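# Notes for the structure review
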Amino acid sequence: MAPVLPRGLYLLTRETADTAALLRIVSAALDGGAVAVQYRDKSADPARRLAQARALVALCETRGVPLIVNDDVGLAARAGAAGVHLGEHDVSIAQARAVLGAAAIIGGSCYNDLARAARLAADGANYLAFGSFFDSSTKPAARRADPDLLREATRHGLPLVAIGGITAANCAPLVAAGASFLAVLGGVFDAHDPRAAAAGITSHFDTAPDRDRD
């Protein structure tokens, strides 16, 4: 069985060849309270991707935080990651589970599609991700979602991830609507102080009702 995570910041990494800088920012975000990290790299450099994924697994393990790999089940397995995040064009949850095992954290992108969320929940997803909720420089053409999707998706009894242009300044309505995790990339990686940016997002969970445990 996959572990149950505390609610909070779900850090998404920026693609970069500078591994030292990548690890430095991720470490700062962990200091600021990030509860999960997703490694995202679409480059055609498998050696770099494996080396970075393994380095992030080692870093996250020292903090007791899971490292999730975006899209690539094989990379997640080779790196010893805690799980994988799947998009609509990736393998099925069952296929990923067959490779990574029952204890793996396997989440899926639902975009703005409640029917897809229902299918992923029935297939055994560990969390459901919705977005983009705001304009995002990472994916400017992403489908847009609204907080009502989160409210509707709470029926599945799974942790919900909100993604897309999220910062400490705009995230409160998403937490109030039921987001268990806020997936953030630019809001931390572009910040002058990544630790403070992470802490600012984390603070929104300090007083919000814990819907996952109601």
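Residues numbered from 1 in each chain as written. Predicted model: local features only at pLDDT ≥ 70, side-chain atom pairs only at ≥ 80, totals over all residues. Heavy atoms only, no water.

## Comments concerning the pairing of strand 4 (residues 83-86)
Across the two faces of strand 4 the burial is the same, with Gly 83 and His 85 and Val 84 and Leu 86 all buried. Crossover strand 3 (residues 67-70) to strand 4 through helix 3 (residues 73-79) is right-handed. You can see the chain leave strand 4, run along helix 4 (residues 93-100) and come back into strand 5 (residues 105-111), and the turn it takes is right-handed. (Buried < 20%, exposed > 50% of the residue type's maximum accessible area, 1.4 Å probe, protein only. Helix = DSSP H or I, 4+ residues; strand = E, 2+ residues; numbered from the N terminus. Right-handed = clockwise from strand over helix to strand, strands pointing away.)

## What about helix 9 (residues 194-202)?
Those residues of helix 9 lying buried are Pro 194, Ala 197, Ala 198, Ile 201 and Thr 202. Looking down the long axis of helix 9, one finds its buried residues gathered within 135° of arc, a one-sided arrangement. Elements that come into contact with the buried residues of helix 9 comprise strand 1 (8-12), helix 1 (19-31), strand 8 (181-184) and helix 8 (186-189). (Arc of directions from axis to C-beta. Contact = heavy atoms within 4.5 Å.)

## Remarks on the packing of helix 1 against helix 2 (residues 46-63)
Geometry of a packed helix pair, given as the angle between the helix axes and the separation of the axes. Close contact between helix 1 and helix 2 brings their axes to 11 Å; oriented N to C, the two are set at 25°. On the basis of the axis angle, helix 1 is roughly parallel to helix 2. Like other packed secondary-structure pairs, helix 1 and helix 2 cross with a definite hand, here right-handed. On helix 2, the residues touching Thr 19, Leu 22, Leu 23, Val 26, Ser 27, Leu 30 and Asp 31 of helix 1 are Gln 52, Ala 55, Leu 56, Leu 59, Cys 60 and Arg 63. Of the residues assigned to the contact of helix 1 with helix 2, the class counts are 8 nonpolar, 3 polar and 2 charged. (Axes fitted to C-alpha atoms, helices over the stretch in contact; angles between N-to-C directions. Parallel < 35°, antiparallel > 145°, perpendicular 65-115°, else oblique. Left-handed = near helix turned anticlockwise from the far one by under 90°. Nonpolar A, V, L, I, M, F, W, Y, C, P; charged D, E, K, R; others polar.)

## Let's talk about the environment of Arg 49
As for its position among the elements, Arg 49 is in helix 2. Put simply, Arg 49 and His 192 are 143 residues apart on the chain and 26 Å apart in space, counted from C-alpha to C-alpha. Beyond its immediate sequence surroundings of up to four residues, Arg 49 is in contact with Tyr 39, Asp 41, Ser 43, Asp 72 and Leu 75. Among the polar contacts made by the side chain of Arg 49, one reaches the main-chain carbonyl oxygen of Asp 41 at a distance of 2.9 Å. (Polar contact = N/O pair within 3.5 Å; in protein donor to acceptor, adjacent residues only side chain to side chain.)

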